Amino acid sequence: MTSRLLQRSLGSPDYDGIRQALRDDTSTPVISVRGLEVRVAVLPLFTHDGRQAVRVSSTRALTHVLVGVDSASGTDVTLLVPEVSAPRALTLECRDDAGVVGTAQITVGPQRKWNVFVVHHSHLDIGYTDPQGTVLRHHLDYLDAAVRLGEETASWPDDAKFRWSVESSMPALKWLEARPAEQVEKFAALARAGIIEVTALPFQLHTEACSTEELYRQLRFTGELRQAYGIPARSAMHTDVPGAVVGLIDALNAAGVRYLAAAHNWAGRSVPYLHGGDKLTRPFRWRAPSGNELLVWFTDTPHGMAYMEGNTVGLTDSYELADDLLPRYLAALASRGYPYGPGTFGWQGPDAPREPYELDVLHLRVQGAHADNAGPSIVPASIARRWNEQWAWPRLRSAANSDFFDHVAERYHDRLAVHEGDWTDWWADGLGSGARPLGYVRRAQSALRTAETLHTLAGVDAGERIGLAYDKVALFNEHTWGAANPWEDAEEAGDSGGLQWTRKSSGAYDAQDDAADLLQAGVRRFAAALSAEGSGGAALAAFAVFNPGTATRTDVVRTFLPRDVVPVDVPIALVDARTGETVPHHEEYVDPADWPTRPIGRHIHAVVPDVSGFGYVRLDVVRGERQAPEPVALDPGGVIENEFYRVAYDVREGYIGSVFDKVAGRELVNQDAAAGFGQYVYDRYATAPHFNHLSGHVGAHDRTLLGDRAIAGNATIVKAERTAVGEKLVVELRGKGVDWLRTTVELHHGVARLDLTYQLAKQGTPAKEAVFLAFPLATGQPTAWELTGGVGGPDVPRVPGSAEYMLPIRHWIAFEDPELTVAWATLEAPLVQLGTIHMPYAPFPPTLDQEDGTVYSWALNNIWDTNFPAQQQGETTFRYAVRSEAGAPGRRLGALAATGLTDPFVGALLTGPAGEAARTYVSADHPDVLVTSLGRDGESTLVRLQSLAPEPVEVTVTLPGLRRASVSAGLGHDVRPAGVDGESVKVRLPACGVAVVWGDL
């Protein structure tokens, strides 16, 4: 009684309730008399001798007669009717010992003959149900079982043989490394025979958290599997996470993958059907701007059971339960949008409308138990075997993932709907729940590109170490960010929240350390290689200032001159070796009295003009006439400026009051906006912590749940100074949710960019909260923003049902009008809300009037109750940049604004005689094509390219010393020779496409 009371009170879903809802929703009451109810369902069940089924259920045992056709006795019976090609009226009589209880006229109509592909897999949460190591060891055990079951059922009918789809391939790779050769060969043989399928994604990713290079690198193992074991990766599975970036299409295509089975878990935090999701047909063709496509099966239910539907209809329980439920499920798909009504999963929102499913083929996932990380079971295959003996249709096939797609591609490809663009993830808001480690990972993504480039230029192949570091980055971006109950701190199971987050976050910090180590090593090796080329000189030392971005630019370099190279009491000057002109610089001395544990010397800041992309300029360190000037204190009024901008900080209000573009003669800040520029906004919500999945059951249709909104105040200017390289303002504030907040505003001489840094000492609290930093620009709505592997915008297509209230971007947003283009960029914080701040509960209503030019950086949050950390604290840094230019295309200016954050100049201290004054290692002549990094493969130099253009472009790539070249799309599975003209090769990139030039120098 108590358990029923609690279930009925709390609306908790259970299988009995779900299954009864399916029975009720797929049958019609035809007789109701004196407490007796009889219900009828006409089902798509056909016998081998050409009859079809009618199910009759009654609240007590009766004899049910379809007059002149068939009869049976019981509370649930199946009556068989000769197959009909048109509706046929029949009379149903229901009798007990006393005679006829009731009669009804029923209509038996034609039914579809279904092919059901039962895809057995285990959804991999690396964590959630147990600590991460425990989970992964279990998945290796599952592969042991899959091999055994594959061998045991080898003699079964083909449609009934046990088949296993490795949803996430990381366990398979670990298994192949950890098992004896004999077992490995058994596995490989089963994979080659289609009994086991290894799918292409290593684990389930928040793809929008990945950099483009990271996404491609996570698919590199597909070629290794093919070459080492003859195992093809033909399909991918994307499970649980409700959305994926457009760049996934091109990345999978580059790996030779054309099929994607997606199973989105809406879990009540999403309302795709309010944003066109009810129009998303399945299967469908998902197309990228490049023209590449994936054939996508999209399994979804309104409220979260997407990859459990096979379990829901009994396919892991028993033949009898599947016989009862599966035909009802198919009948419902053919006649209504979803087989289940509202409230089925504990969600009390509206039903989700959808047109009936139109095909007669179904991809139906099943797991060995109703749980994430469930193991394989012989039951689904056993049911398929008995089913096909009993019924002609529907035909059940125990299938690998690709089996379904081969069937659909052969029969239906040309009639499938095509959807384009980004499939914006509804769960991306969870990225803000771990803002500090996320920031470290995003810095690592940038550092790894530069590190590999510098190693390559030094003649060192660091590809393997770079790849391992990217793997750590990607593991943080894996979708499981915490335990089922992340606020608990047990040692096992779903309460092991403390252990799981410790491992998860430490992986992020480890990845950043690896990236920093590789970058440091790359700088030293690059410097050593240049020093070996040198021919002497009178300089005390020299720096090669390297630009890891694509465009030639003027920017600041921050580097270090040790005292053992040049004593700190020796005054120095920096000389541009190209021109002989002195480059002003600023020094910050590391005093051993203050920092005895750090290298002693001078941190040097200098603005270096016109450094070519993927090239360097040599700065010679010569003896100066006097020590570098000390900073000059500015008037404490809060105004700083350079040639391009004048910035005024409003101390009374606690935000930047003005950013004036001196070249355009235009104010960039919307001074009538609700929030000030750079203002700290702290929201707290009137929902309780520590209730599992509470946020999936809470609806917000107004601001009622916005418990509190506060801004920072008590601003104090603690530093206002001018140095040889620019002007800086540092302001400290106080605000709710933080111990302190520090804002640093910087302008550098000769650099057309405003740099902003926010450091906050976050207080830990389990309260539901969010931190925003507001950037109200005096512009219209944004015209473009950077995505992983693509570019979004208000006029760029998106997959129907994509999240709209927020955007997970890579780095930049551009605003264009006829007079001026403005670009805003972020390094650590990818989540933004445009024009307003929304409530973080479905259906995500706005809390402010819309302002088209305002960007709210959603820096961090704590709004989830499961899977993401329950609170966050500690000093956390967020960096931003703003740039403006008349007539600049938005995509180009956006990339340029972000470059100062993502690709800072590198100063490499030369350890021997200086060489050339400047050098460019590679160039691309199209302004919308970025060189993202350089790498090595054997004797070949790899030039990785990414286009931002919305149309195909041809770019000329020049590599000094180029003799032969080939070109591939992404991973190099399809490398084709390309003609070399001089030292250049022409490459054609599709819209927003990726390519690699393989050059022999």
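Here we summarise the structure given alongside this text.

Definitions and limits used
- Residue positions are counted from 1 within each chain, in the order its sequence is given.
- Local features in this predicted model are restricted to residues of pLDDT 70 or higher, and side-chain atom pairs are both shown and tallied only at a pLDDT of 80 or more, whereas totals for entire chains, interfaces and linings draw on every residue.
- The side-chain quantities take in all heavy atoms of the structure and omit both hydrogens and water.
- Comment: elements are numbered from the N terminus, with helices defined as DSSP H or I runs of at least four residues and strands as E runs of at least two.
- Two things to know: the radius of gyration comes from C-alpha atoms, and the globule rule equals 2.2 Å times the number of residues to the power 0.38.
- In this scheme, a residue with accessible area under 20% of its type's maximum is buried, one over 50% is exposed, and one in between is partly exposed, where area comes from a 1.4 Å probe on protein chains only.
- Accessible areas in this description were obtained via Shrake-Rupley with a 1.4 Å probe; residue shielding takes into account the shown protein chains only.
- Note that His is not counted, nor are the chain ends; the positive residues are Lys and Arg, and the negative ones are Asp and Glu.
- In plain terms, the charge of a residue is placed at NZ if it is Lys, CZ if Arg, CG if Asp and CD if Glu.
- Whenever Lys or Arg places a side-chain nitrogen within 4 Å of a carboxyl oxygen from Asp or Glu, that contact is recorded as a salt bridge.
- Throughout, a residue-residue contact means that at least one pair of heavy atoms, one from each residue, lies within 4.5 Å.
- Here a strand pair is declared whenever DSSP counts at least two bridges between the two strands.
- Fitted lines through C-alpha atoms give the axes, limited to the stretch in contact for helices. The angle between two N-to-C directions lies from 0 to 180 degrees.
- Only rings of Phe, Tyr and Trp enter the pairing, Trp through its six-membered ring, and a pair is recorded when the two centres are within 6.5 Å. The plane angle decides the type: under 30 degrees is stacked, over 60 is edge-to-face, the rest tilted.
- Polar contacts, as used here, are pairs of N or O atoms within 3.5 Å; protein pairs need one atom able to donate a hydrogen and one able to accept it. Residues neighboring in sequence count only if both atoms are side-chain atoms.
- Patches here are clusters of residues that have more than 30% relative accessible area and form no salt bridge, with a 9 Å joining cutoff for like charges and a 5 Å cutoff for nonpolar side chains (Val, Leu, Ile, Met, Phe, Trp, Tyr).
- Among buried residues, those of type Ala, Val, Leu, Ile, Met, Phe, Trp, Tyr and Cys that are joined through side-chain atoms within 4.5 Å constitute a nonpolar core.
- Convention used here: angles under 35 degrees read as roughly parallel, angles over 145 as roughly antiparallel, angles from 65 to 115 as roughly perpendicular, and any remaining angle as oblique.
- Working rule for handedness: look at the near helix, and if it is turned counterclockwise from the far one by less than a right angle, call the crossing left-handed; if clockwise, right-handed.
- Classification used: nonpolar for Ala, Val, Leu, Ile, Met, Phe, Trp, Tyr, Cys and Pro, charged for Asp, Glu, Lys and Arg, polar for all others including Gly.
- The term disulfide is used for any two cysteine sulfur atoms that are within 2.5 Å.

1. Thoughts on the overall build of the protein chain
(1) Moving on: The helix and strand inventory of the protein chain stands at 16 helices and 54 strands.
(2) Moving on: On C-alpha atoms alone, the protein chain measures out to a radius of gyration of 32 Å, which is about the 30 Å that the 2.2 N^0.38 rule sets for 1001 residues.
(3) Moving on: Principal-axis analysis of the C-alpha atoms places the extent of the protein chain at approximately 120 × 60 × 55 Å.
(4) Moving on: The proportion of buried residues among the 1001 residues of the protein chain is 62%.
(5) Moving on: Summed over all atoms, the accessible surface of the protein chain reaches about 36,100 Å², with 48% contributed by carbon and sulfur.
(6) Moving on: A gap of 2 Å separates the mean positions of the 90 positive and 124 negative side-chain charges of the protein chain.

2. Description of the pattern of salt bridges
(1) Moving on: Under the criterion given, the structure shown has 58 salt bridges.
(2) Moving on: D158 serves as the salt-bridge partner of R397, at 2.8 Å between the closest nitrogen and oxygen. Highlighted residues: R397 in strand β15 (residues 395–399) and D158 in the loop between α3 (132–152) and β8 (164–166), separated in sequence by 239 residues.
(3) Moving on: Residue class for R397 comes out buried when judged on its relative accessible area of 17%.
(4) Moving on: For D158, a relative accessible area of 39% translates into the label partly exposed.
(5) Moving on: For the salt bridge of E746 with R558, the shortest nitrogen-to-oxygen distance reads 3.8 Å.

3. Observations regarding the environment of A544
(1) Moving on: The residue A544 is located in strand β17 (residues 541–547) in this model.
(2) Moving on: The buried category is assigned to A544, whose relative accessible area is 0%.
(3) Moving on: When residues no more than four places from it in sequence are discounted, the contact partners of A544 are F526, L530, Y616, V617, R618, V906, G907, A908 and L910.

4. A look at the sheet that holds strand β14 (residues 361–366)
Within a beta sheet, neighbouring strands are joined by backbone hydrogen bonds and run either parallel or antiparallel to one another.
(1) Moving on: Read across the sheet, 3 strands follow the order β14-β7-β15 without closing on themselves; strand pairing throughout is parallel. Of all strands in the sheet, those with a lone pairing partner are β14 and β15, marking the two edges. Ignoring which end each strand starts from, the neighbouring axes of this sheet average 25 degrees apart.
(2) Moving on: In terms of strand pairing, strand β7 (residues 115–120) meets β14 through 6 bridges, oriented parallel. Opposite H120, over in β14, you have V366 as the bridge partner.
(3) Moving on: Against the sheet, helix α11 (residues 379–390) contacts β7, β14 and β15, and its axis sits at roughly 150 degrees relative to β15.
(4) Moving on: Sheet contacts for helix α12 (residues 401–412): β7, β14 and β15; angle to β14, the most-contacted strand, approximately 170 degrees.

5. Structural notes on the packing of aromatic side chains
(1) Moving on: Overall, the coordinates contain 36 aromatic pairs when judged by the stated rule.
(2) Moving on: Their ring planes at 55 degrees and their centres at 5.8 Å tell us that W481 and F868 sit as a pair that is tilted. Within this pair, whereas W481 is found in the loop between α14 (463–477) and α15 (497–533), its partner F868 is found in the loop between β42 (854–862) and β43 (874–885), the two being separated by 387 residues in sequence. This pair shows no difference in class: W481 is buried, exactly as F868 is.

6. A short note on the side chain of E786
(1) Moving on: Position of E786 among the secondary structure elements: in strand β36 (residues 784–787).
(2) Moving on: No salt bridge is formed by the buried E786. Its closest oppositely charged neighbour is R810, at 5.2 Å.
(3) Moving on: One polar contact links the side chain of E786 to the main-chain amide nitrogen of H811, over a distance of 3.0 Å.
(4) Moving on: If we skip the residues at most four places from it in the chain, E786 touches I809, R810, H811 and W812.

7. Some words on the pairing of strand β44 (residues 906–910)
(1) Moving on: Within β44, 5 of the 5 residues are buried, which leaves the element mostly enclosed by the surrounding structure.
(2) Moving on: Residues V906, A908 and L910 line one face of β44 and the alternating positions G907 and L909 line the opposite face, and both faces are buried.
(3) Moving on: Across 5 bridges, the pairing between β17 and β44 is antiparallel. Bridge assignment links F546 to a residue of β44, and that residue is V906.

8. Quick word on the sheet that holds strand β41 (residues 831–834)
(1) Moving on: A sheet is described by the order of its strands in space; here 6 strands give the open sequence β30-β29-β35-β42-β41-β38, paired in antiparallel fashion. Taken across any chain shown, the strands that pair with only one partner, and hence form the sheet edges, are β30 (706–711) and β38 (807–808).
(2) Moving on: With 6 bridges connecting them, strand β29 (residues 679–685) and strand β35 (residues 769–776) associate as antiparallel partners. Of the residues in β35, the one forming a bridge with Y680 is L773.

9. Concerning a negative patch on the surface
(1) Moving on: Taken together, the side chains of E488, D489, E491, E492 and D495 define an acidic patch exposed on the protein surface.
(2) Moving on: Positionally, E488 belongs in the loop between α14 and α15.
(3) Moving on: Taking the relative accessible area as the measure of exposure, E488 reaches 35% and is therefore partly exposed.

10. Observations regarding the side chain of H139
(1) Moving on: Topologically, H139 is positioned in helix α3.
(2) Moving on: In this structure H139 touches S122, H123, L124, P171 and N373, once residues within four positions along its chain are discounted.

11. Structural notes on helix α8 (residues 247–254)
(1) Moving on: With respect to burial, α8 is a largely interior element, 8 of its 8 residues being buried.
(2) Moving on: Three or more residues of α8 are buried, namely G247, L248, I249, D250, A251, L252, N253 and A254.
(3) Moving on: Buried residues along α8 sit in contact with α6 (212–217), β10 (235–240), β11 (259–264), β12 (284–287) and β13 (293–299).

12. Some remarks on the nonpolar core
(1) Moving on: Counting 86 residues, the largest nonpolar core has W286, W824 and Y880 as its most contacted members.
(2) Moving on: Broken down by element, the residue count for this core peaks at 5 residues, all from α8.
(3) Moving on: Once you skip the residues sitting within four places of it in the chain, W824 turns out to touch F775, L777, I809, H811, W812, I813, V832, V855, S857, Y880, A881 and V882.
(4) Moving on: By size, the runner-up hydrophobic cluster in this structure holds 49 residues, among which are W481, A511, Y685 and L831.

13. So, the environment of A529
(1) Moving on: Within the fold, A529 resides in helix α15.
(2) Moving on: The class for A529 is partly exposed, based on a relative accessible area of 22%.

14. Digging into unusual backbone geometry
(1) Moving on: Omega for the bond connecting R282 with P283 falls within 30 degrees of zero, at -15 degrees, which places this linkage in the cis form.
(2) Moving on: Position of P283 relative to the elements: it lies in the loop between β11 and β12.
(3) Moving on: Residues W393 and P394 are joined by a peptide bond in cis, for which omega reads -5 degrees.
(4) Moving on: If you trace the backbone, P394 turns up in the loop between α11 and β15.
(5) Moving on: One non-glycine residue, C992, lies in positive phi territory at about 50 degrees.
(6) Moving on: Among the secondary structure elements, C992 is positioned in the loop between β53 (984–989) and β54 (994–1000).

15. A look at helix α4 (residues 170–178)
Residue pairs three or four apart in sequence face the same way in an α-helix, which turns once every 3.6 residues.
(1) Moving on: Restricting attention to buried positions, one finds in α4 the residues M170, P171, A172, W175 and L176.
(2) Moving on: Tucked into the core, α4 has its buried residues touching α3, β8, α5 (181–192), β9 (196–198), α7 (221–229) and α14.

16. So, the pairing of β7
(1) Moving on: Within β7, 6 of the 6 residues are buried, which leaves the element mostly enclosed by the surrounding structure.
(2) Moving on: Residue alternation in β7 divides its side chains into two sets, N115, F117 and V119 and V116, V118 and H120, and both sets are buried.
(3) Moving on: Of the pairings in the sheet, the one linking β7 to β15 comprises 5 bridges and is parallel in character. Counterpart to V116 in the pairing with β15 is L396.

17. Brief notes about the packing of helix α2 (residues 15–25) against helix α10 (residues 319–335)
Packed helices, taken two at a time, are described by the angle their axes make and the gap between the axes.
(1) Moving on: Packing of α2 against α10 brings their axes to within 9 Å, and their N-to-C directions diverge by 55 degrees. As summarised for this structure, α2 and α10 are arranged oblique, according to the angle between their axes. For the pair α2 and α10, the crossing hand works out as left-handed. Listed contacts from α10 to R19, L22 and R23 of α2 are L321, D324, L325, R328 and Y329.
(2) Moving on: Partitioned by chemical class, the residues of the contact of α2 with α10 number 4 nonpolar, no polar and 4 charged.

18. Points about the state of the cysteines
(1) Moving on: Taken as a whole, this structure holds 0 disulfides when the rule is applied.
(2) Moving on: Cysteine C992 is unpaired, with the sulfur of C210 as its nearest cysteine sulfur at 18 Å.

19. Details of the packing of α14 against α15
(1) Moving on: It is at 8 Å that the axes of α14 and α15 come closest, and there the two elements cross at 150 degrees. Between α14 and α15, the interaxial angle falls into the category roughly antiparallel. When you trace α14 past α15, the crossing you get is left-handed. In contact with R465, I466, A469, K472, V473, L475 and F476 of α14, α15 contributes W501, K504, S505, A508, D510, A511, D514 and L518.

The analysis is restricted to geometry; functional conclusions fall outside its scope.
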